[in-house]
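Letter by letter, the chains look like this.
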Amino acid sequence: MKDFIGKSVNVNWQLYLTIHSYSQVILSPWGYKYELPDDYKDLMVLAYAAAEAIKKVHGTEYEVGAVTEIFEPGSGGSDDWAKASGFKYSYTYELRDTGEHGFELPSDQIIPTSEETWAGIQAMAKVLLKVTNHKVQNNYASSLFASTTLVIATTIIKYMY
C-alpha cells in the first residue's frame, strides 16, 4: 500500500480504509496512543454514516470510535500510518462477527457481510464528497474508488490464499 500510494502522483487521496475481521467496529486513529486526532469530530461524521448504512442492510450494528476508545492501545495500524501520511479520513473496518465465530465466519454470512460493508463504503464516499465540497470529477472519483477497490481486492486475495 505504501509503495502504491507513494507512486500515485497527482492523486488527491482523501479516504483510506483497511478491512479486517472481526469485532463489528469502525475504528479511527489513533491506535498507539490515547490522544485523539485534532479532526476527530470530522472523522466520526463519516464513520457514523457508514455504521448507519450498514445497519440498514441487515440490521448489523457496528460500534464507532477511535481504536483506543474501544480497545487498548497497541502498536498502531495502517490507518494510523495513512492519517500521519496526510489522509484526512482514515479507518479500519473490523467486520462480523463479535466473537462467536471469530476469524472463521460461517459461509452463509459472507455475502451479507459484503453487502453491508459495501453500503458502509458507499455512505462514506457520499458524505466525503459532500463535506469536502467536491464535485465528482474524473481524477477525484478515480482516486477515491481506486483506493476502495484496492482495499477490497487486497481483502479478497488475503482470504483466497
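**Student:** Provide a residue-level description of the sheet that holds strand 3 (residues 63–66), including the pertinent values.
**Tutor:** Pairing is mixed in the open sheet, where four strands are placed in the order 1-4-2-3. Each edge of the sheet is formed by a strand with only one pairing partner; in this case those strands are strand 1 (15–21) and strand 3. Across the sheet, the mean angle from the axis of one strand to that of its neighbour is 20 degrees, orientation sign disregarded. By the bridge criterion, three bridges tie strand 2 (residues 25–28) to strand 4 (residues 89–95) in an arrangement that is antiparallel. Residue pairing in the sheet places Leu27 in a bridge with Thr92 of strand 4. Contacting strand 1, strand 2, strand 3 and strand 4, helix 2 (residues 40–58) crosses the sheet at an angle of about 35 degrees to strand 4.

**Student:** Tell me about the packing of aromatic side chains, and name the residues and values.
**Tutor:** Counting across every chain of the model gives four aromatic pairs. Judged by centre distance (4.9 Å) and plane angle (80 degrees), the ring pair of Tyr22 and Phe103 falls under edge-to-face. Linking Tyr22 in the loop between strand 1 and strand 2 with Phe103 in the loop between strand 4 and helix 5 (110–131), this pair joins segments that are 81 residues apart in sequence. Stacked on the ring of Tyr89, the Lys or Arg Lys88 has its end atom at 5.3 Å from the ring centre.

**Student:** Can you explain the pattern of salt bridges? Please cite residues and give values.
**Tutor:** For the structure on display, the rule yields seven salt bridges. For Lys88, the salt bridge goes to Asp39, with nearest N and O atoms at 3.0 Å. With Lys88 in the loop between helix 4 (78–84) and strand 4 and Asp39 in the loop between strand 2 and helix 2, the pair connects residues that are 49 residues apart, well separated along the chain. Lys88 gets classed as partly exposed once you look at its relative accessible area, which sits at 27%. Asp39 gets classed as buried once you look at its relative accessible area, which sits at 17%. Lys55 is the partner of Glu61 in a salt bridge, and the nearest nitrogen-oxygen pair spans 3.3 Å. With relative accessibility at 42%, the residue Lys55 sits in the partly exposed group. If you follow the salt bridges from partner to partner, you end up with Asp39, Asp42, Lys83 and Lys88 in one network.

Analysis parameters
Residues numbered from 1 in each chain as written. Predicted model: local features only at pLDDT ≥ 70, side-chain atom pairs only at ≥ 80, totals over all residues. Heavy atoms only, no water. Pairing = 2+ DSSP bridges. Helix = DSSP H or I, 4+ residues; strand = E, 2+ residues; numbered from the N terminus. Axes fitted to C-alpha atoms, helices over the stretch in contact; angles between N-to-C directions. Contact = heavy atoms within 4.5 Å. Phe/Tyr/Trp six-rings, centres within 6.5 Å; stacked < 30°, edge-to-face > 60°. Lys NZ or Arg CZ within 6 Å of the ring centre and 35° of its normal. Salt bridge = Lys/Arg side-chain N within 4 Å of Asp/Glu carboxyl O. Buried < 20%, exposed > 50% of the residue type's maximum accessible area, 1.4 Å probe, protein only.

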